[in-house]
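# Understanding the architecture of this molecule
Residues per chain, in single letters:
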Amino acid sequence: MGEFLQHSLDTAAKQAPAWLSDVLSNGRRRWEASRWPDRKTEQWKYTSLQALQQEYHAADTSAQLPDDMTLPQLAGNRLVFVDGNYSAELSHCDSHIDVVRFQDASAEQAERIREHLGTALNGEQHIFAALNDAALQDGLLLDIPADTIIDEPLQLVWFSSQCSAAFNINQRTLVLAGKHSRAEIIEQFISADGSQAFTNGITELILADNAALAYLRLHEERRQATHIGGVHALLARDSRLDAFHMALGSDLKRLDLVVQYVGPGAHCDLNGIYLPRGKEHIDYHTCIEHAVAHCSTDEAFRGIISDEATAVFNGRIHIHENAQKTRAELSNKNLLTSDQATVNSKPELEIYADDVQCAHGATVAQLDETSLHYLRTRGVPKDEAEVMLSFGFINELVDNIGNESVRNYLRPLLAQQFSADPDLTRHLV
Amino acid sequence: MLSIKDLHASVDGKTILNGLSLTVNPGEVHAIMGPNGSGKSTLGHVLAGRPGYEAISGSVEFLGQNLLELETEERAHLGLFLAFQYPVEIPGVSNMEFLKASVDAARKERGEPALDAVTFMKMAREASKIVDLDPAFLKRGVNEGFSGGEKKRNELMQMMLLEPKLAIMDETDSGLDIDALQVVANGVNSMRNKDRSFILVTHYQRLLNFIEPDFVHVLSGGKIVRSGDKSLALELEERGYAWVADEVA
Ligand SMILES: Nc1ncnc2c1ncn2[C@@H]1O[C@H](COP(=O)(O)OP(=O)(O)OP(=O)(O)O)[C@@H](O)[C@H]1O
Ligand SMILES: [Mg+2]
């Protein structure tokens, strides 16, 4: 697999804690045995990796947040990572969630990490997850104690700086939601102007019996800051995952979201929005594995694709033979605001059980002419009306986010996507 | 104020209006009645400039301007308002945002600054009270999941906030119970003055017991076949439309 991350993989192999070394070597073996994906690779049919550089270096450990930049504060507890390195200065956390960096793990914590790390992953299928293992110099464990309700969300910010040479960031988060626990985690990815970072981000969410986890993942990397990664969740009996994903565009983003039910009675709400413009590209591949009975999924993704941008949405729902009484709904709606915008939307249902309820729908459309006309009859100028309707299309999902500070943060951010002219967005924020 | 002369218009290529003429002076209330499919809503849509609704010949002058040359929003800025027979649902855009965008657009055309959020909120709350709509509806998506009657009251509220010079109310009274009808009538009556005119499209004479029209017209086959005063409405209520059509034929 060429030079690509050679330097980072070598650096990681030297600096990773000894107890992780077999994870790294295993990952590297799988990565090197894989074929570089191209258009003929089914999973990568509509996403080209051409935007990636030939070679990335390991990130510098001395990078700082630029003086003129402040990072959003979406929760009282916030952990900030600059180019993958923890910044004590920018972080504050007094959560009941046990936060452990792999580098600092005690023998006992290391044991716990080893027990769970990778259990939600299928590294054979997800070669970039194998790559993440191979570069696992450090990672983050968020251990949510059993029987604990944690009201204050925990926000993680993964910031990538501007740097003359292209470098990569290996983000790895392992969330263990204990039995009967309840918590909320926000992961946010932000790049500095001019950042050329390639982030390979993998988060594993492992929910024990009756755990409830809200998980929000906001991708705000811009321009040349690229990202390939995913979120892999394991849901035990009666657990509940409420996930919200957002991606603004950059040269390349590919996210694999995988949910596996391993105990009956579990539920997942999986919502997401993606808004590429210019020549940006965003690819969401979701895969829901209904391997056991009596679980339910409500999945809704919406995209607005502008200019010459491209988007891919592939929504797979796999209902195994034993998964009777499954209920799964998938909806994907896309709005194209230009003739040159493209979306490849594909629901993939594989159903092997007979007593299930399953519905899916995918649409691609332009702005509704009747709604546009209605707004104009009220005197709203056409350009403002178009911005309002685009925003409304996305806002339906934003409205469903339980966390008010996230909603209030996202609305102006999204409104700006549709127009740089504040006159056209002033009624939305 | 409004002068329509020999208007022919088509919807998606099919001719619906066949030489319609109508003059509305400032302060007048005109009721338009007529059988289903006679072209009443089409008239409203042509005046509001809905895509697909095209004037083929004839003229429409509104406040000294050639209405048919204007963009839909310019017609609104001039003071034309159409309450839709079937109001449009726009999920994701809150009613409040929508109303404020409308009112601010009208203010901008008059050279007035946008209202601040608090002032507008107060105005909107008061208006919602007058039309008997729970202020909670202001936060919902535009008409999203509103019942028929709630949609009609929302249309009325928009009219009251926008203070148009000519309001076309297309069956705002349909599907309303007598209390709601009273609310609509009070709303319209409270807005009546010597400069503001109304065109009320209705199937029911009972509305005209509450809002007294200056003229009543019968629209049939795409043109006005008979005009009179309010007694015409009573006659129509008793005898139906057939006799008017017969007399014309
Ligand atoms: N998009 C369309 N394409 C073709 N014909 C149409 C279209 N929309 C409406 N029409 C036709 O135009 C005619 C007039 O319709 P219009 O809605 O103006 O009637 P109306 O008088 O308002 O009726 P109602 O009392 O039922 O509201 C009808 O015959 C209708 O079927
Ligand atoms: Mg009609």
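Everything here concerns the structure above.
My aim in this report is to walk through the structure given alongside it, one point at a time. (Residues numbered from 1 in each chain as written. Chains lettered and ligands numbered in written order. Predicted model: local features only at pLDDT ≥ 70, side-chain atom pairs only at ≥ 80, totals over all residues. Heavy atoms only, no water.)

## Here we look at the overall build of chain A
- In terms of helices and strands, chain A carries eight helices and 20 strands.
- For 429 residues, the compact-globule formula gives about 22 Å, and the C-alpha radius of gyration of chain A, at 21 Å, lands near that figure.
- Projected onto the principal axes, the alpha-carbon positions of chain A cover approximately 70 × 55 × 45 Å.
- Expressed as a percentage of the 429 residues in chain A, the buried residues total 58%.
- Considering only contacts in chain A between residues 6 or more positions apart, those separated by 24 or more positions represent 84%.
- If you sum the accessible surface of chain A, you get close to 17,000 Å²; carbon and sulfur atoms cover 44% of it. (Helix = DSSP H or I, 4+ residues; strand = E, 2+ residues; numbered from the N terminus. Rg over C-alpha atoms; globule rule 2.2 N^0.38 Å. Buried < 20%, exposed > 50% of the residue type's maximum accessible area, 1.4 Å probe, protein only. Contact = heavy atoms within 4.5 Å. Areas by Shrake-Rupley, 256 points an atom, 1.4 Å probe, with all protein chains shown as cover.)

## Digging into the coordination of the magnesium ion (ligand 2)
- Looking at the magnesium ion (ligand 2), the protein donor atoms are Ser-41 of chain B (OG) and Gln-85 of chain B (OE1), and they sit 2.0 to 2.1 Å from it. Highlighted residues: Ser-41 of chain B in helix H1 (residues 40-48) and Gln-85 of chain B in the loop between strand S6 (80-83) and strand S7 (90-94), separated in sequence by 44 residues. (Donors = N, O, S within 2.8 Å, 3.2 Å for Na, K, Ca; no water.)

## Quick notes on helix H3 (residues 107-116) of chain A
Residue and element names in this part refer to chain A.
- Regarding H3, the residues found buried are Ala-110, Ile-113 and His-116. Buried residues of H3 fall within an arc of 140° about the axis and therefore sit on the same side. Away from the buried face of H3 by more than 90 degrees, exposed residues Ala-107, Glu-108 and Glu-115 are located.
- Buried residues along H3 sit against strand S5 (140-144), strand S7 (167-177) and strand S9 (198-207).
- Looking one or two places after H3, you find Gly-118, whose phi comes out positive at around 85°. (Arc of directions from axis to C-beta.)

## Notes on the interface of chain B and chain A
- In this assembly, 36 residues from chain B lie in contact with 23 residues from chain A.
- For the chain B and chain A pair, buried surface summed over both sides reaches about 2,300 Å², with 61% attributable to carbon and sulfur atoms.
- The largest share of the area that chain B buries against chain A comes from Glu-73, Gly-92 and Glu-97 of chain B, three residues that together contribute 21% of it.
- In this structure, the connection of chain B to chain A is made through three salt bridges.
- Of the charged contacts in the structure, one is a salt bridge between Arg-376 of chain A and Glu-71 of chain B, with a shortest N-O distance of 2.8 Å.
- Only helix H2 (72-78), S6, S7, helix H3 (95-109) and helix H5 (148-162) of chain B provide two or more residues apiece to the side of chain B that touches chain A.
- Among the elements that line the side of chain B that touches chain A, the one with the most residues is H3 of chain B, at eight residues. (Buried area = accessible area lost by both parts, 1.4 Å probe. Salt bridge = Lys/Arg side-chain N within 4 Å of Asp/Glu carboxyl O.)

## Details of the nonpolar core
- Of all hydrophobic cores here, the largest spans 114 residues; its most connected members are Leu-410 and Leu-414 of chain A together with Leu-2 of chain B.
- Looking at which domains feed residues into this core, each of domain 1 (6-263) and domain 2 (371-429) of chain A supplies at least three.
- Setting aside anything within four residues of it in sequence, one finds Leu-414 of chain A in contact with Met-246, Leu-248, Ile-273, Leu-275, Phe-391, Ile-394 and Val-398 of chain A.
- Grouped together as the second largest cluster of nonpolar side chains are 53 residues, Ile-150, Leu-156, Val-175 and Ala-233 of chain A included. (Core = buried A, V, L, I, M, F, W, Y, C linked by side-chain atoms within 4.5 Å. Domains from an automatic or database assignment.)

## Details of the packing of helix H5 (residues 369-377) of chain A against helix H6 (residues 382-398) of chain A
All names here are of chain A.
- Across the interface, H5 lies against H6 with an axial gap of 9 Å and an inter-helix angle of 130°. Taken together, the axis directions place H5 and H6 in an arrangement best described as oblique. As H5 packs across H6, the resulting crossing turns out to be right-handed. Touching Ser-371, Leu-372, Leu-375 and Arg-376 of H5 are Lys-382, Ala-385, Glu-386, Met-388 and Leu-389, all from H6. (Axes fitted to C-alpha atoms, helices over the stretch in contact; angles between N-to-C directions. Parallel < 35°, antiparallel > 145°, perpendicular 65-115°, else oblique. Left-handed = near helix turned anticlockwise from the far one by under 90°.)

## Notes on the layout of surface pockets
- Here the largest pocket is characterised by a volume of approximately 720 Å³.
- Forming the walls of the largest pocket are 26 residues, and the residues nearest its centre are His-427 and Val-429 of chain A together with Ser-94, Met-96 and Glu-97 of chain B.
- Considering only enclosed or pocket space, the second largest pocket measures out at about 470 Å³ in volume.
- Per-element accounting of the lining of the second largest pocket gives the leading share, five residues, to S7 of chain A.
- Considered class by class, the residues forming the lining of the second largest pocket number nine nonpolar, 12 polar and four charged. (1 Å grid on protein atoms, 1.4 Å probe; cavity = no way out; pocket = protein on both sides within 12 Å on 5 of 7 lines; lining within 4 Å. Points joined across faces, edges and corners; volume = space filled by probe spheres on them. Nonpolar A, V, L, I, M, F, W, Y, C, P; charged D, E, K, R; others polar.)

## Some details on unusual backbone geometry
Residue and element names in this part refer to chain B.
- Phi angles above zero are rare outside glycine, and Asp-6 is one such case at about 45°.
- Note on placement: Asp-6 falls in strand S1 (residues 2-11).
- According to the relative accessible area criterion, Asp-6 is partly exposed, its value standing at 42%.
- A positive phi angle is found at Leu-63, which is not glycine, with a value near 50°.

## Describing the sheet that holds strand S5 (residues 65-66) of chain B
Residue and element names in this part refer to chain B.
- Reading across from one edge, S2-S1-S4-S5 is the order of the four strands in this open sheet, with antiparallel pairing throughout. Two strands bound the open sheet, and with one partner strand each, they are strand S2 (14-24) and S5.
- In this structure, S1 lies alongside strand S4 (residues 53-62), joined through eight bridges in antiparallel fashion. The partner of Ile-4 across the bridge, within S4, is Val-60.
- Of the strands in this sheet, S1, S2 and S4 are in contact with H1, which crosses S1 at around 105°. (Pairing = 2+ DSSP bridges.)

## Some points on the site of ligand 1
Residue and element names in this part refer to chain B.
- Residues in contact with ligand 1 amount to 16 residues; listed here are only the nearest, Gly-37, Lys-40, Ser-41, Thr-42 and His-203.
- In the model, an oxygen atom of ligand 1 is placed 3.0 Å from a nitrogen or oxygen of the Gly-39 main chain.
- Here an oxygen atom of ligand 1 sits 2.8 Å away from a polar atom, N or O, in the side chain of His-203.
- Burial of ligand 1 by the protein chains amounts to 67% of its free accessible area of 640 Å².
- Taken together, the elements giving at least two residues each to the shell around ligand 1 come down to S2 and H1. (Near = heavy atom within 4 Å. Polar contact = N/O pair within 3.5 Å; in protein donor to acceptor, adjacent residues only side chain to side chain.)

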